[in-house]
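# Structural description and commentary
Residues per chain are reported as follows:
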Amino acid sequence: EKLPKPWPSQATNAYQLVRAVAPALSGGVASAVAKQVTDAWRTWRFDALVKMTRSPPHYLSAMPLPVRAQEMGGVRKVGVDRYEVSLSIGPRDPARKGKEFTIPIEARDGYQRRTLDALADQTVKLGRAQIEQHRQKRGKWLLTLTYTTVVPRASGTVEAAINRGMVCFLAAVTNAGRRWL
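Source: prediction; values computed, not measured.

A full pass over the atoms with the stated rule returns seven salt bridges. One salt bridge in this structure joins D47 and K51, with 3.1 Å as the shortest N-O distance. Taken together, the positions of D47 and K51, both in helix α2 (residues 27-51) and four residues apart, correspond to about one turn of that helix. Residue K51 is classed as partly exposed on the basis of its relative accessible area of 48%. Linking R68 and E71 is a salt bridge whose minimum nitrogen-to-oxygen distance equals 3.7 Å. On the accessibility criterion, R68 (33% relative accessible area) is partly exposed.

Right under this line is the structure:
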């Protein structure tokens, strides 16, 4: 009789485990954390189980916490160089309407001021965010926001990609004909 193949193992889904460990997280955050752990397990499982040169992946409390774009409430200007970002990482509650946390932000320079003004005016599109602990100063936390901006329609047939070191720009077109950078 033929024995079942033990390798590769069946697909694992860590979502239910994350929901059991942290039921207060929203489904989107739990899904993002589960994907990070599952992807790490798929990459490292041979080293962890067979070669035993690596420990199995796990999610530590000081690791970055991903926040999906759907859970971002927006940026609001509250004073000169002062802004507030609202986001939700808890389960959906109609009474709170996705604004469970409000994080104050202060612009340090002109570039940050212009970017935060554009986010507050909604002239640029707010994307996902990430909350992570500072590496040296354990009492400080950092919020990383992603955004996209509308660029004018190209005039001509020349297409180009701009490579500026580690930063690469990519343009996409929506159904309405708007271009996002």
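Text resumes after the structure shown.
With that settled, the discussion passes to unusual backbone geometry. Unlike most non-glycine residues, D81 shows phi in positive territory, near 60°. Mapped onto the secondary structure, D81 falls in the loop between β2 (72-79) and β3 (82-87). Positive phi outside glycine occurs at Q122, with the angle close to 60°. Relative to the helices and strands, Q122 resides in the loop between α3 (110-121) and β5 (124-133). Assessed through its relative accessible area of 67%, Q122 is described here as exposed.

What follows deals with the pairing of β3. Of the strand pairs in this sheet, β2 and β3 are connected by six bridges, and their pairing is antiparallel. Bridge pairing links K77 to Y83 in β3. If you look at the hairpin formed by β2 and β3, you'll find two residues sitting between the two strands, and D81 has a positive phi there, around 60°. Bridge analysis of β3 against strand β4 (residues 101-106) gives six bridges, and the strand direction is antiparallel. Considered in β4, the bridge of E84 is made with P104.

A word on the sheet that holds β4. Read across the sheet, three strands follow the order β2-β3-β4 without closing on themselves; strand pairing throughout is antiparallel. The open sheet terminates on both sides in strands that have one partner only, identified here as β2 and β4. Mean inter-strand twist for the sheet, computed between neighbouring axes without regard to direction, equals 25°. Sheet strands in contact with α3 are β2, β3 and β4, and its direction is about 120° off that of β2.

Attention shifts here to α3. The terminal C-alpha atoms of α3, which comprises 12 residues, lie 16 Å apart, in line with the 16 Å expected from a rise of 1.5 Å per residue. Burial in α3 covers these residues: T115, L116, A118 and L119. In a view along the axis of α3, the buried residues occupy a sector of 155°, so they form one face of it. Summarising the geometry of α3, the exposed residues directed more than 90 degrees from the buried face are R114 and D121. Each element contacted by the buried residues of α3 is listed here: β2, β3, β4, β5 and β6 (141-151). Positive phi appears at Q122, one or two residues downstream of α3, with a value of about 60°.

Attention shifts here to the nonpolar core. Counting 23 residues, the largest nonpolar core has V67, M72 and L87 as the members making the most contacts within it. Of all elements in the fold, only α2, β1 (65-67), β2, β3, α3 and β5 reach the threshold of two or more residues within this core. Looking at which element gives the most residues to this core, the answer is α2, with four residues. If we ignore the near neighbours within four places in the chain, the residues touching V67 are M72, L87, S88, I89, R128, A129 and I131.

Reading the values: rules and limits
Residues numbered from 1 in each chain as written. Predicted model: local features only at pLDDT ≥ 70, side-chain atom pairs only at ≥ 80, totals over all residues. Heavy atoms only, no water. Salt bridge = Lys/Arg side-chain N within 4 Å of Asp/Glu carboxyl O. Helix = DSSP H or I, 4+ residues; strand = E, 2+ residues; numbered from the N terminus. Buried < 20%, exposed > 50% of the residue type's maximum accessible area, 1.4 Å probe, protein only. Pairing = 2+ DSSP bridges. Axes fitted to C-alpha atoms, helices over the stretch in contact; angles between N-to-C directions. Contact = heavy atoms within 4.5 Å. Expected span 1.5 Å × (residues − 1). Arc of directions from axis to C-beta. Core = buried A, V, L, I, M, F, W, Y, C linked by side-chain atoms within 4.5 Å.

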